[in-house]
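Now for the letters of each chain:
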Amino acid sequence: MLLAIDTSTRSASAALSDGERIVAGCSWHSLVNHTTELMPAVSQLLDSRGVRPHDLEAVAVALGPGGFSALRTGLSAAKGLAMAVRIPIIGIGSLDLEAFPFRDSGLPVCALLEAGRGEAASALFTPDGTRVREDGITGPDELLEEISAMSFDRFRANGWDGMILFCGEGMPPWAEGIREALGARAALCHTPPSARAGSLAALARERLERGDTDNLDALQPHYLRMPSIGVPKRRDRRVQASSRSRRRANGTPPP
């Protein structure tokens, strides 16, 4: 059995696979509670099939891009489980998961996840499933200009008719703009976010069968943008002393 965990976005999911079959899965919408919701969901998922952690042969986890704390929660849980029962861990990019159901479509694929601020994280794939570039964050106009300038002429011999397939949880907010820019060349495909866990299990299974697993210590989330909250740390900033410490330094007895 292989356990797949995806906490890339607020739409979290997990799946349990036996070979090529998904035997159980669960999904839920989380606002800020991935930390408290994930492990109970995983435990319930395993119990539903009578699977113990030591029965697992590997654990797979979505690496992002996605929410900063959400990704850390998923990876921490996967690492803890892999370490506890001494099984391999496999990390897969979240945009690869969005594109996976369409890799045999014969069309170039643009996978999207919302990144906030009116932007999206995107990945581009050729009709044969090869990545065009690494994940990046762009606005809609910038991305559509990039896609319009791309040349896939070498694939026309294999029947490609110029259409581009858009998919992913971040696609719906951009659907109208995509249609206006590309017209009939745009194929918009909707898949539920919960499908990512199934794609994660399938891609991880492929890697596991090749003996291609990740280093437990080195595996990290894939962030394209650091969180915008908090105050940036300054190297010259000193920790402010407490009132008790300042009184001692000045020779004033504490109250």
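Predicted, not measured: the structure shown is a model, and the values here were computed from it. (Residues numbered from 1 in each chain as written. Predicted model: local features only at pLDDT ≥ 70, side-chain atom pairs only at ≥ 80, totals over all residues. Heavy atoms only, no water.)

S.K.: Which residues make up the environment of Leu56, and what values go with them?
M.R.: Mapped onto the secondary structure, Leu56 falls in the loop between helix H1 (34-48) and strand S4 (58-62). Classification of Leu56 as buried rests on a relative accessible area of 4%. C-alpha of Leu56 to C-alpha of Ile87: the two residues are 31 residues apart in sequence and 7.4 Å apart in space. (Helix = DSSP H or I, 4+ residues; strand = E, 2+ residues; numbered from the N terminus. Buried < 20%, exposed > 50% of the residue type's maximum accessible area, 1.4 Å probe, protein only.)

S.K.: How would you sum up H1? Please name residues and give values.
M.R.: Here H1 spans 21 Å end to end across 15 residues, near enough to the 21 Å set by a 1.5 Å rise per residue. Those residues of H1 that fall on the buried side of the exposure criterion are His34, Leu38, Ala41, Val42, Leu45 and Leu46. Around the axis of H1, the buried residues are gathered within 130° of arc, so they sit on the same side. Looking at H1, the residues exposed on the side facing more than 90 degrees away from the buried face are Thr36, Gln44 and Asp47. Those residues of H1 that are buried are in contact with strand S1 (2-6), strand S2 (11-18), strand S3 (21-29) and helix H2 (68-85). Remark: Gly50 follows H1 within two positions and exhibits a positive phi of approximately 65°. (Expected span 1.5 Å × (residues − 1). Arc of directions from axis to C-beta. Contact = heavy atoms within 4.5 Å.)

S.K.: Explain the nonpolar core to me, and be specific about the residues and the numbers.
M.R.: Ranked by internal contacts, the top residues of the largest apolar core, which has 34 residues, are Leu112, Ile147, Phe166 and Ile178. Those elements that place two or more of their residues in this core are helix H3 (94-99), strand S6 (109-116), strand S7 (119-125), helix H4 (140-149), strand S9 (164-167), helix H5 (175-182) and strand S10 (186-188). Those residues in contact with Ile178 that lie beyond four places of it in its chain are Leu112, Leu144, Phe166, Met171, Gly183, Ala186 and Leu188. One finds Val42, Leu46, Leu56 and Val61 within the second-largest nonpolar core, a separate group that totals 27 residues. (Core = buried A, V, L, I, M, F, W, Y, C linked by side-chain atoms within 4.5 Å.)

S.K.: Tell me about the side chain of Arg133, residues and numbers included.
M.R.: Examined against the element boundaries, Arg133 turns out to sit in the loop between S7 and strand S8 (136-138). One polar contact links Arg133 to Glu146, side chain to side chain, over a distance of 2.8 Å. (Polar contact = N/O pair within 3.5 Å; in protein donor to acceptor, adjacent residues only side chain to side chain.)

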